Amino acid sequence: MVRIDRVAADPEHAAAELDVTALAAGAAVVQVDAATGPIDQLPIRVAPVAAVTLTVPRKLLVGGAVAVGGSVTDASGAALIGRGAFGLTAGDGLVITPAPLGTAGLLFGRGPDYVIRATALGDHLLATTPATAGELRMTAIAATALGALRLSASPFQLDAGRGDAWAVVTVGATDDVGDAVVGIPCEWRASRPVWFEPLAPQADAVIVRSPLATPVDVTCFLEGTPRATATIR
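Residues numbered from 1 in each chain as written. Predicted model: local features only at pLDDT ≥ 70, side-chain atom pairs only at ≥ 80, totals over all residues. Heavy atoms only, no water.

Peer 1: How do you make sense of the sheet that holds strand β10 (residues 87-90) when you look at a structure like this?
Peer 2: Strand pairing within a sheet occurs via backbone hydrogen bonds; the two strands may be parallel or antiparallel. With mixed pairing, the four strands of this open sheet are ordered in space as β6-β14-β13-β10. At either margin of the open sheet sits one strand with a lone partner, and together these are β6 (59-61) and β10. Here the average twist between neighbouring strands, direction ignored, is 30°. (Pairing = 2+ DSSP bridges. Helix = DSSP H or I, 4+ residues; strand = E, 2+ residues; numbered from the N terminus. Axes fitted to C-alpha atoms, helices over the stretch in contact; angles between N-to-C directions.)

What follows is the structure, given as structure tokens:
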């Protein structure tokens, strides 16, 4: 009924992480063994998905990406967990791929299921399997249609393990009619040397690492044009 794809031990926390794929409906037991014998057992009930609830952002920038997650229930209405429990497709202009392993929020089956990338302008329809109750539609717009773009920066936090400091900068944007837009593919620059670590697959946030916890200005460039600046302190 299930397949074990990966087992990663975490001796520091006396734990292990397992990637389990459900293959068919029914009951299964995952057993954790050591050289001395069984350590623990995890019963799993696999149920078919009867309904999908999913919302998607209304507008996405061409060249940008957004991660989306849905909730699924069985025939009795009970909530189910697990990534990839439903399918998501779209026509030309949107590229949809499963959220990669390591994406923030995936622990315990929560977090995004798919990454949507816009490759062409226009209004696009999406479909889930099983189908959602309502229509799913996204509009891909060009950077020239953006109105306001703003950055929000958290304060620097010291990372004793790495010996540096870090902060998170998030991007908020609206188009020329005031609607929210996601998937802003910033080219990041700073007023002094720092390192940018994208929070893939999201384009709307970045981790900024610095050897010093002193103020720095970071700027989002789009198509070579500076669009917004924030100061991290």
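Peer 1: I tried to follow the state of the cysteines on my own but got confused; where do I start?
Peer 2: Linking two cysteines covalently through their sulfur atoms gives a disulfide. Counted according to the given criterion, the structure contains one disulfide. Paired by a disulfide, cysteine 186 and cysteine 220 hold their sulfur atoms 2.0 Å apart. Between cysteine 186 and cysteine 220 the disulfide shows an S-S torsion of about -85°. By sign, it is left-handed. You can see cysteine 186 sitting in the loop between β18 (180-181) and β19 (187-190) and its partner cysteine 220 sitting in strand β22 (residues 216-222), a full 34 residues away along the chain. Residues cysteine 186 and cysteine 220 agree in their burial class; the two are buried. (Disulfide = S-S within 2.5 Å. Buried < 20%, exposed > 50% of the residue type's maximum accessible area, 1.4 Å probe, protein only.)

Without other data, these values stay purely geometric and don't point to any function.
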